[in-house]
Amino acid sequence: MTDYKAFSITLKAISRSVQNLPRESREIVLRLSPVRPTPEDCLTDNFDVSLVYDDVSYSAELKTDGSFQNIESLRFFFGDFEPQWSSLPAKSSILHLFDSKNIFSGSVGLVYFTVHITNTSDEEEVYYSSYLSVCLRDGPQSENVKGMCAEIASQEDLLFDKNTSLLASGLSNGKEESYSTIFDHYLSVIDSAIKVYSYNASYFSSYSRSKLVLRRTVGNFEKLWNVREETLSYIAQHPEELVPTNEPSAISYGTSKFVPNKTLLFSHEFDKNLYENRVILGFLDLAIKETQAGIKELDKKFLDLSSFSSGSKGYTNSSFLMLDQIRRILKKIQDNLLSRQEKLKRLRYQYAQFFPFAGEKLTNPPKPTAIFRLVPQYRQVYDVMARWFSERFIFPLPEFFTYELSKCSLIYEQYLLIHLVRSIAEAGWIMTDRKTIDWSGMYEDQLVPDHRNKIFNHFLFTRDYDFLELFYEPVISNTEIGKEELGLRRNSSMTVSEELSVISRKHGTLIYTPDFVLKKTVEGKRSYLLLDAKFSRIEDVLEKKLLLMIVKYILGVSPVHESDRIEGLILPCGKISSQAKTPNSPFWNLCPGISPVFSQNRINAVQLHEFSDDKDFVKMLGEFL
């Protein structure tokens, strides 16, 4: 295995405005690791992320402590970008990856580089750089991203299963009480518990279950109403309590009469110190304890977040936009926890007045005793406790953070997914199901989009007797695996670089992963529309990306069944155009007779962002739907 510690990437800013950048951002050294960076890295104490800029050109070099002599081939990736070189330097320790490239212009959030190395033994190894965070020039573009973040937050219930995401539909209406659904497996149960405890307080105060017990106390002799053997034994053992009396029925000793001043008395009393009542108190203790732990954890996370930079002068850190949203959400969660903790403490004080003993320490669900099962008020409390133990999280804040951070680089894709689902519904299609396909189970992990957050990536719709499927980040392969799900295949081993030069790879599994595929089934025949999201300006996509995407997704992909057809390709563009007038598609004036798919109504780039008129996108999509 290659020594990955010997490799690093040096990234240099080379724009004319480089002097305006912070010194640490002008030249960045990234060590390579066989471990892919994950959002969890952002939560470690020593996490440090370098800033790069969307309007700055960069050059990059791959350096090794030795040489490239034992390396057969090397491939460098950043999204769709894969630079080419004729050969590796045999004796040098430096490989120039690219020069003067505005490589981050189409990126947002947290990004990283990937390097595939094949050694002379034909073994392939994959290495990753650490995270970089893309900064956007202040102005409309950063406001555009802020708007996209807000749109995603308002529609999270559409994208994610609320039982695995830590956000739910309540975020969409902005009402304070709706934020309880953020941790719905905890807060909603606590809300139910507060309601049940408050409603039944009067019952437990006056009518709670108890047991009849015989109490032994030492008291005045006048209160004695039942003489037991223990009473006589106590009198015999405590002669100091005897006092003279004239009562004829008193205890005789010689010629004197005596009666006890104090003696052992017995009485029957009702004792509430039962297991069930102790459990009722113990649950309140546990709920208060875990709520307090959550509040402390939130305080700690606020401190952790402070280490993230908001950006350099004139720029906004796009990852920080999402983190700033996390701060607001966490503050609302903390306020809700404090409110519930106060209610729980008041209930604990109230219940302690009629249950004056320690609560049961709970680590597992309480036993379903007869009282819990048969007495309605006790059964209500037991049901709340049972639900809490079966459904609650214990404040999964690390999962919440990684869930949010992982969305940073997917902002535009998820923004587009929301618009797609909305446009499909407006065209009269009815959603019947949503689910998640785990493509990583079919292919090598490093090739396949990561769906750890369980985002829905397969949406099913019907209209009359027709069917429509929307796939998010599906895998199109040159093998038989996965064809049944999608019905598309990659038809060639040819790979085309950004410069449209051809590379041939004749072995192994080769895949394409378009951002979206629409599959419409009408009378048994299937038609397809492919979409690939580009967080770029439309003029840049038309000039630099359109032909490459045509080679990949129109020429390089075929339906499995001959009767099926690929009807078009849309490239939605997420950045605001610098041109007042939308540029024409290269196909705007093609002569009649060319294949129908090659027209600007079937293949085109369209603007779709917070400041765009969506009519071109809706028109192209509508023609397919």
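From a predicted model like this one, the values you see are computed outputs, not experimental measurements.

On to the pairing of strand β19 (residues 466–472). Burial within β19 is extensive, with six of its seven residues counted as buried. Pairing analysis gives six bridges linking strand β18 (residues 458–463) to β19, with the strands arranged antiparallel. Bridge pairing in β19 links T462 to F467. The hairpin turn running from β18 into β19, its antiparallel successor, is two residues long, and D464 in that turn takes a positive phi close to 60°. In this structure, β19 lies alongside strand β25 (residues 516–522), joined through six bridges in antiparallel fashion. Paired with L470 across the bridge in β25 is L518.

Looking now at the pattern of salt bridges. The full count for this structure, using the stated rule, is ten salt bridges. Between E469 and K519 there is a salt bridge, and its shortest N-O distance comes to 3.9 Å. Remark: K519 occurs in strand β25 and E469 occurs in strand β19; sequence separation between them is 50 residues. Given the relative accessible area of 15%, E469 is considered buried.

Across soluble globular proteins, nonpolar side chains show a tendency to be buried alongside one another. Residues I9, L11, F104, F113 and L470 are the most contacted members of the largest nonpolar core, which totals 76 residues. Here this core takes nine residues from helix α12 (residues 411–426), the largest share from any one element. Residues V196, F283, L344 and Y351 belong to the second largest nonpolar core, which totals 34 residues.

Averaged over all residues, the pLDDT of the protein chain equals 78, while 77% of them reach at least 70. The spread of mean pLDDT over the elements of the protein chain runs between helix α11 (residues 397–405), the lowest at 53, and β25, the highest at 94.

Our next topic: the sheet that holds strand β6 (residues 94–101). If you trace the four strands from one edge of the open sheet to the other, you get β2-β1-β4-β6, paired in antiparallel fashion. The sheet terminates laterally at β2 (27–31) and β6, the two strands that pair on one side only. The sheet shows a mean angle of 15° between the axes of neighbouring strands, taken without regard to direction. In the sheet, strand β1 (residues 7–13) pairs with β2 via five bridges, with the strands oriented antiparallel. Its bridge partner lying in β2, T10 is registered against V29.

A word on helix α16 (residues 615–624). Taken residue by residue, α16 has F617, M620, L621 and F624 as its buried positions. For α16, the angular spread of buried residues about the axis comes to 95°, placing them on one side. Residues K615 and K619 are exposed on α16 and point more than 90 degrees away from its buried face. Contacts from the buried residues of α16 go to α12, β19, β25, β26 (525–531), β28 (565–573) and β29 (603–607).

Positive phi is not limited to glycine here, since E473 has a value of about 50°. If you trace the backbone, E473 turns up in the loop between β19 and β20 (476–477). Backbone geometry at E523 places phi at a positive 55°, although glycine is not the residue there. Here E523 shows up in the loop between β25 and β26. For E523, a relative accessible area of 78% gives the class exposed.

On to the packing of aromatic side chains. Within the structure shown, the criterion is met by 29 aromatic pairs. If you follow K367 out to its NZ or CZ, it ends over the ring of Y275, 4.6 Å from the centre. For the cation-ring pair, K520 lies above F624, with the distance from its terminal atom to the ring centre recorded as 5.0 Å.

Here we come to the sheet that holds strand β12 (residues 242–244). Within the open sheet, the three strands sit side by side as β12-β14-β13. Their pairing is antiparallel. With one partner strand each, in any of the chains shown, β12 and β13 (251–253) form the two edges of the open sheet. Across the sheet, the mean angle separating the axes of adjacent strands is 45° when strand polarity is ignored. Bridge count for β13 against strand β14 (residues 256–260) is three bridges, and the pairing is antiparallel. Paired with Y253 across the bridge in β14 is S256.

This part is about the side chain of N200. Within the fold, N200 resides in the loop between α4 (187–199) and α5 (201–207). Beyond its immediate stretch of four places on either side in the chain, N200 contacts Y351, Q377 and Q380.

By the secondary structure assignment, N70 is in the loop between β4 (58–64) and β5 (71–77). If we ignore the near neighbours within four places in the chain, the residues touching N70 are N119 and T120.

Within the secondary structure, Q607 is located in strand β29. A polar contact is formed between the side chain of Q607 and the side chain of H609, at a distance of 3.1 Å.

With 13 residues, α4 extends 18 Å between its outermost C-alpha atoms, agreeing within 8% with the 18 Å of an ideal straight helix rising 1.5 Å per residue. Turning to α4, its buried residues number three or more, namely L187, V189, I190, A193, I194, V196 and Y197.

Bringing the environment of V560 into the picture now. Looking at the element boundaries, V560 is found in the loop between β27 (557–559) and β28. A residue is classified by how much of its surface remains accessible, and V560, at 33% relative accessible area, is partly exposed. If we ignore the near neighbours within four places in the chain, the residues touching V560 are K483, G487, L488 and R489.

Here is what the cut-offs are and how they apply
- Residues numbered from 1 in each chain as written.
- Predicted model: local features only at pLDDT ≥ 70, side-chain atom pairs only at ≥ 80, totals over all residues.
- Heavy atoms only, no water.
- Buried < 20%, exposed > 50% of the residue type's maximum accessible area, 1.4 Å probe, protein only.
- Helix = DSSP H or I, 4+ residues; strand = E, 2+ residues; numbered from the N terminus.
- Pairing = 2+ DSSP bridges.
- Salt bridge = Lys/Arg side-chain N within 4 Å of Asp/Glu carboxyl O.
- Core = buried A, V, L, I, M, F, W, Y, C linked by side-chain atoms within 4.5 Å.
- pLDDT = per-residue confidence, 0-100.
- Axes fitted to C-alpha atoms, helices over the stretch in contact; angles between N-to-C directions.
- Arc of directions from axis to C-beta.
- Contact = heavy atoms within 4.5 Å.
- Phe/Tyr/Trp six-rings, centres within 6.5 Å; stacked < 30°, edge-to-face > 60°.
- Lys NZ or Arg CZ within 6 Å of the ring centre and 35° of its normal.
- Polar contact = N/O pair within 3.5 Å; in protein donor to acceptor, adjacent residues only side chain to side chain.
- Expected span 1.5 Å × (residues − 1).

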